[in-house]
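# Residue-level structure breakdown
The lines below spell out each chain.
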Amino acid sequence: MTSTATPLPERLRDRDLLRDAAFVNGQWIGAASTFEVRDPATGDPLAVLPSLGAEDARQAIAQAKAALPAWRALSALERSRILRHWADLVRENADDLATILTSEQGKPWGEARGEVVYSAQFLDWFAEEGRRVDGSVIPSHTPDARIIVIKQPIGVAAGITPWNLPAAMITRKAAPALAAGCTIVMKPAEQTPLTALALTRLAERAGVPAGVLNMVTSGDAVPIGAEFTGNPTVRKLSFTGSTEVGKILMQQAAANIQKLSLELGGNSPFIVFDDADIAQAVEGVVSAKFRNAGQICTGANRVLVQRGILEEFSAALRARAERVRVGNGFEQGVEMGPLIDQAGLEKVERHVADLVDQGGRVLTGARRSPLGHTFYEPTVIADVGTGTLPWQDEETFGPVASLTPFDDEDEAIEMANATEYGLVAYVYTHDVGRVWRVSEGIETGMVAINSGRVSNEQAPFGGWKQSGLGREGSSYGIDDWLELKYINLAGLSR
Ligand code: NAP
């Protein structure tokens, strides 16, 4: 890690990882128009990148189609070796990748490095899972036949990723796609394409053949999304981002009955029961609310606290929030960086104003940081009512912990489920019976018990209700990139 004043290229051991071009069919390409990438901590420009359009996306899809037969024909072991090599290169270059990530996204460098290592784990995991894609033989209703089920790669795929996890969301899609034998065209978020391009450079070095992984950068997502969904060559789209954009893409994809994986927004409840370990629960909120400055889909949007421990818990959380060190992600000891942009900052301010207007009691924060720019103070607000924006299904997407009391288990479950979202719920209790009752009663794809984190490559990540479709990671995660085929093998009798 180097000084915040040093220009980005000079901070890198391997400057070749800093790319200023898109990547299609093994070529680094430019475009007539461009867009700028900025450092959210300073507002300084970092890079100028080509802004590709619908025609470029069409070309990339055509190249992915041309590359498909040879990639699909490789053995799973051959594909696995390339993915493992890519994973090794990501780990070897983790410091540089983290530096690029922090520069364009703002999260603390150590947290960025953690995300980079996590992104390599998807490559490792799916390098293994790709080798376990099997089928089955089912007894037939006629004695002279067998029913054989095989799994085949879905074909050319597309991926669209958000800015909050610029490394992990790329490999969480590219790894299972490539392991399954698909080729893919991806569009990273406009604010954070540099991490995606650095990962792509490493994929190229690892031996991913031309056309198999394509990275289309753009300052205008709409025509790219229209091409990804409207082009009949693309058999599957995997999207991570807001529910609002997910709905648009789902409508567009309907024209071709395109297969979809959607990892969308959340409105996660964080429930603290009166038998919980309060110190542990406080650290859980720090992880689920202040990590990445609250800009995570799994962020605790509503903290529900059982009334008997409300004062003790609030005081402990307030004290801990006041110790969260805010600053430029390159400074030692910083736990929380800036918000991604001015719009993100204004959204947080709108939420805080709403919480306070409706009777919320500010325990700490609730204002911009003296550091200026898009920095915001870690905030804790108590006595939050259920008429407020988080309870109306708006993601705050910022470092604001809003606390609402509840009386008993049934009420907690009912309150937790009072949302159209269903990504994750956090539950703090040591009562085993309650763990089961609440886990089963909550309508989310993931439940974290006594932990503020759920994401890892071994587990099926995904949501219920309007939080999405499909699962990423785990042994289930490769299924979304495969088609089933049943072969009726008859005429076996002599
Ligand atoms: P977003 O506005 O939905 O953008 C996500 C991606 O979609 C970006 O690449 C964006 O491109 C692109 N996009 C925007 N409009 C599009 C359109 N009409 N057609 C095609 N692509 C389009 O979301 P965000 O603000 O970047 O990310 C935050 C959201 O992502 C939050 O809601 C968060 O909960 C969710 N998220 C979910 C998960 C999960 O796994 N469930 C993980 C992380 C984040 P531009 O960058 O060019 O606008």
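Residues numbered from 1 in each chain as written. Predicted model: local features only at pLDDT ≥ 70, side-chain atom pairs only at ≥ 80, totals over all residues. Heavy atoms only, no water.

### With respect to the side chain of Ser 140
Its place among the elements puts Ser 140 in the loop between strand S5 (136-139) and strand S6 (146-153). Of the residues examined, Ser 140 reaches a relative accessible area of 18% and is grouped as buried. Within the structure, the side chain of Ser 140 is placed 3.1 Å from the backbone nitrogen of Thr 142, a separation counted as a polar contact. Those residues within four positions of Ser 140 in sequence are excluded, and the remaining contacts are Ala 145, Arg 146 and Ile 147. (Helix = DSSP H or I, 4+ residues; strand = E, 2+ residues; numbered from the N terminus. Buried < 20%, exposed > 50% of the residue type's maximum accessible area, 1.4 Å probe, protein only. Polar contact = N/O pair within 3.5 Å; in protein donor to acceptor, adjacent residues only side chain to side chain. Contact = heavy atoms within 4.5 Å.)

### Examining the domain arrangement of the protein
Entries for the protein in the domain assignment read domain 1 (8-264 + 469-484) and domain 2 (268-456). Tallying the contact residues gives 23 residues for domain 1 and 25 residues for domain 2. For the domain 1 and domain 2 pair, buried surface summed over both sides reaches about 1,900 Å², with 59% attributable to carbon and sulfur atoms. Counting across the domain 1 and domain 2 interface gives zero salt bridges. At the junction of domain 1 and domain 2, the tally comes to nine residue pairs in polar contact (both at pLDDT 80 or more). It is helix H4 (residues 94-105) that contributes the most residues to the side of domain 1 that touches domain 2, five residues altogether. When its residues are assigned to classes, the side of domain 1 that touches domain 2 shows seven nonpolar, ten polar and six charged. (Domains from an automatic or database assignment. Buried area = accessible area lost by both parts, 1.4 Å probe. Salt bridge = Lys/Arg side-chain N within 4 Å of Asp/Glu carboxyl O. Nonpolar A, V, L, I, M, F, W, Y, C, P; charged D, E, K, R; others polar.)

### As for helix H6 (residues 168-180)
The first and last C-alpha atoms of H6 sit 18 Å apart over 13 residues, in line with the 18 Å expected at 1.5 Å per residue. Across the 13 residues of H6, 13 count as buried, placing the element largely inside the fold. Note on H6: the residue one or two positions beyond its end, Gly 181, has a positive phi of about 100°. (Expected span 1.5 Å × (residues − 1).)

### Looking at the packing of aromatic side chains
Overall, the coordinates contain six aromatic pairs when judged by the stated rule. Ring centres of Phe 23 and Trp 28 lie 4.6 Å apart, and the angle between their planes is 45°; on these two criteria the pair is classed as tilted. Counting every residue linked through ring pairs, the aromatic cluster contains Phe 270, Tyr 426 and Tyr 428. Above the plane of the ring of Trp 391 lies Arg 302, whose end atom (NZ or CZ) is 4.6 Å from the centre. (Phe/Tyr/Trp six-rings, centres within 6.5 Å; stacked < 30°, edge-to-face > 60°. Lys NZ or Arg CZ within 6 Å of the ring centre and 35° of its normal.)

### Looking at the site of the ligand
In the vicinity of the ligand there are 26 residues, among which Thr 161, Arg 172, Ser 242, Leu 264 and Glu 395 approach most closely. One nitrogen or oxygen atom from the main chain of Gly 241 is found 3.3 Å from an oxygen atom belonging to the ligand. Separating an oxygen atom of the ligand from a side-chain N or O atom of Ser 242 is a distance of 2.6 Å. When the ligand sits alone it has 910 Å² of accessible area, and the protein chains cover 88% of it. When residues of the shell around the ligand are traced back to their parent elements, those giving at least two are helix H8 (221-230), strand S10 (234-240) and helix H9 (243-253). Ranked by residue count, the leading element in the shell around the ligand is H8, at three residues. Among the residues making up the shell around the ligand, the classes are represented as 14 nonpolar, seven polar and five charged. For the shell around the ligand, the domains that each give at least three residues are domain 1 (8-264 + 469-484) and domain 2 (268-456). (Near = heavy atom within 4 Å. Areas by Shrake-Rupley, 256 points an atom, 1.4 Å probe, with all protein chains shown as cover.)

### A few points about the pattern of salt bridges
In total, this model carries 33 salt bridges according to the counting rule given. Residues Arg 172 and Glu 472 are paired through a salt bridge, measuring 2.5 Å at the closest nitrogen-oxygen approach. Separated by 300 residues along the polypeptide, Arg 172 in helix H6 and Glu 472 in the loop between strand S21 (468-469) and strand S22 (482-489) bring together distant segments of the chain. A relative accessible area of 2% means that Arg 172 is categorised as buried. Counted as one network, the salt bridges with shared partners bring together Asp 14, Asp 16, Arg 19, Arg 201, Glu 204 and Arg 205.

### Structural notes on the pairing of strand S18 (residues 424-428)
Taken across its five residues, S18 has five buried, putting it largely inside the fold. On S18, burial covers both faces: Val 424, Tyr 426 and Tyr 428 on one face and Ala 425 and Val 427 on the other are all buried. With three bridges connecting them, strand S12 (residues 268-272) and S18 associate as parallel partners. Note that in S18 the partner of Val 272 across the bridge is Tyr 428. Across four bridges, S18 lies against strand S19 (residues 446-449) in parallel orientation. Within the sheet, the bridge partner assigned to Val 424 lies in S19 and is Met 446. Following the backbone out of S18, through helix H14 (residues 432-441) and into the adjacent parallel S19, one traces a crossover that is right-handed. (Pairing = 2+ DSSP bridges. Right-handed = clockwise from strand over helix to strand, strands pointing away.)

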